[in-house]
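Residue-level structure breakdown
Read off the chains here:
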Amino acid sequence: MKPILYLFLVALLFVSCKQSTKEPKETSVTTKVPEVTTVASFTGQQVTGVTVTTTGRIFVNFPRWRKGVTTSVLELGENIKEPFPTKEWNSWEIGDKVAMHKFIGVQSVVASEDKLYVLDTRSPLFQEVLDAPRVFVFNLITKALEHTYILTENAYHANSYINDLRVDKKNNKIYFTDSGNSGLVILDLKTETFHRVLDEHSSTAAEQGYLTFTDGKWMNTVHSDGIALDTKNDKLYYHALTGYSLYSIPTKALGVEDELDLEKAVTLEAKTSAPDGMIFDKNGNLYYADLENNKIMYREPNGSVHILLEGDKVRWADTFSIYDNHLYYTNSRINEVTADISEMEFTLHKIALPIN
């Protein structure tokens, strides 16, 4: 064999061996945009709350932030939209005399086991509370009112706006946020007594008086708003709406009588986007909105944060509920509302959860 040919073959063999030992190249994978399903739409009626029962029944609510609210609590079914529990319960209008068995200003609905908890701020038009805020508890099977828990004077302020709730079956309590006057409220279901904690505390207070959107600033100061219960780790999470700090506190600390000891138990979990409602899934992921950027985010137990959805299908993702591995969320479009909403469409969507 000629020396030149021999050297050429040796060089070729060397290059071939070197290539065979290389790490395989990474292939770029395009993340599939999750499919969003529109569950319902409401023209001229600003939906905020949503809850889905363990059997798939869907309930939404419409706060009385203006005149013309036709229904406070609505059950959605196949081709039906029915006032719950009756039309009479939903018949109150601004200017009417306050009635015990009528909804005044429903801000949140939460299904737990076979019951529906309806949170009534009793604060129409964001004005002072007409009478005490309360929670109506209905039997989902019979639609009968089973109980009414009325907040006592020590649990709220005249300008309170009791915003959202979580039912803690393990500790037999209900936790509430107050977005009108910063603080948390605890209802002991065993003794039926209310207790207010972290009143005007830095963790429950708004950090600023506005949010920033592409078309300008939304001017408002909203305190403790979003609330989520981590049942695996027995921790309650909460967040001011106009703020960027996510806090938590062990549920056992909420039974401490000494306020200073309770305050010491508060933990700043993370700096986040500004959200409205929040919810945990069964894997410990926390879902919340990035209101200012039309996104829905989720935070894994290890602290990593991901985008679940972004774009024009997210327009102030207000409240979340989880059923059949889907996240249900309402678009309340709060920052877009100026005056008349009669032609505006507000929607309820669902999207598949990420597989862990």
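About the thresholds
Residues numbered from 1 in each chain as written. Predicted model: local features only at pLDDT ≥ 70, side-chain atom pairs only at ≥ 80, totals over all residues. Heavy atoms only, no water. Helix = DSSP H or I, 4+ residues; strand = E, 2+ residues; numbered from the N terminus. Buried < 20%, exposed > 50% of the residue type's maximum accessible area, 1.4 Å probe, protein only. Contact = heavy atoms within 4.5 Å. Areas by Shrake-Rupley, 256 points an atom, 1.4 Å probe, with all protein chains shown as cover. Lys, Arg positive; Asp, Glu negative; His and termini not counted. Charge placed at Lys NZ, Arg CZ, Asp CG, Glu CD. Pairing = 2+ DSSP bridges. Phe/Tyr/Trp six-rings, centres within 6.5 Å; stacked < 30°, edge-to-face > 60°. Lys NZ or Arg CZ within 6 Å of the ring centre and 35° of its normal. Salt bridge = Lys/Arg side-chain N within 4 Å of Asp/Glu carboxyl O. Axes fitted to C-alpha atoms, helices over the stretch in contact; angles between N-to-C directions. Core = buried A, V, L, I, M, F, W, Y, C linked by side-chain atoms within 4.5 Å.

A word on the overall build of the protein
- Scanning the protein from terminus to terminus reveals two helices and 26 strands.
- For the protein, the spread of C-alpha atoms along the principal axes amounts to about 110 × 50 × 45 Å.
- The buried share of the protein, taken over its 356 residues, is 51%.
- Counting contacts in the protein only where the partners sit at least 6 residues apart, residues at least 24 apart contribute 47% of the total.
- Approximately 17,700 Å² of the protein is accessible, and the part contributed by carbon and sulfur atoms is 51%.
- Counting 36 positive and 47 negative side-chain charges, the protein places the averaged centre of each group 6 Å from the other.

Considering the pairing of strand 8 (residues 134-139)
- In terms of residue burial, strand 8 counts as a mostly covered element, since six of its six residues are buried.
- As judged from the six bridges shared by strand 7 (residues 115-120) and strand 8, these two strands associate in the antiparallel manner. Within the sheet, the bridge partner assigned to Asp120 lies in strand 8 and is Arg134.
- Note: strand 8 against strand 9 (residues 145-150), five bridges, orientation antiparallel. Looking at strand 9, one finds that Val137 is bridged to His147.
- The turn linking strand 8 back onto strand 9 is made up of five residues, and Lys143 within it adopts a positive phi angle of 70 degrees.

Regarding the packing of aromatic side chains
- Going through the model one piece at a time under the given rule, you end up with 17 aromatic pairs.
- Where Phe84 meets Phe138, the ring centres are 5.6 Å apart and the plane angle is 80 degrees; that geometry is what we call edge-to-face. With a gap of 54 residues between them, Phe84 in the loop between strand 5 (80-83) and strand 6 (106-112) and Phe138 in strand 8 connect regions that are remote in the sequence. For the pair Phe84 and Phe138, a shared accessibility class is recorded, and that class is buried.
- Ring geometry for Phe103 and Phe136: centres 5.8 Å apart, planes at 65 degrees, overall edge-to-face. Taken together, the residues span a long stretch of sequence, with Phe103 in the loop between strand 5 and strand 6 and Phe136 in strand 8 at a distance of 33 residues.
- Seen from the ring of Tyr210, Lys217 lies directly overhead, with NZ or CZ sitting 4.1 Å from the centre.
- The residue whose ring lies beneath Arg333 is Phe346, and the NZ or CZ to ring-centre distance is 5.9 Å.

Notes on the pattern of salt bridges
- Applying the stated criterion across every chain, the model contains 15 salt bridges.
- Notably, a salt bridge pairs Asp164 with Arg166, separated by 3.5 Å at the nearest N-O pair. Each member of the pair Asp164 and Arg166 is classed as buried.
- For Glu336, the salt bridge goes to Arg315, with nearest N and O atoms at 2.6 Å. Taken as a pair, Glu336 in the loop between strand 25 (326-331) and strand 26 (345-352) and Arg315 in the loop between strand 23 (305-310) and strand 24 (317-323) lie far apart in primary sequence, 21 residues in all.

Points about the sheet that holds strand 6
- Pairing is antiparallel in the open sheet, where four strands are placed in the order 6-7-8-9. Two strands bound the open sheet, and with one partner strand each, they are strand 6 and strand 9. Averaged over all pairs of adjacent strands, the angle between their axes in this sheet comes to 15 degrees, without regard to strand direction.
- Where strand 6 and strand 7 come together, six bridges link them in antiparallel fashion. Counted as the bridge partner of Val106 is Asp120 from strand 7.

Comments concerning the nonpolar core
- By size, the foremost hydrophobic cluster in this structure holds 26 residues, and its most contacted members are Leu327 and Tyr329.
- Listing elements by their share of this core, those giving two or more residues are strand 14 (210-213), strand 21 (286-290), strand 22 (295-299), strand 23, strand 24 and strand 25.
- Those residues in contact with Tyr329 that lie beyond four places of it in its chain are Val36, Ile296, Leu309, Lys313, Val314, Ala317, Thr319, Phe320, Thr347, Leu348, His349 and Ile351.
- With 20 residues, the next largest nonpolar core counts Tyr149, Ala155, Val167 and Leu187 among its residues.

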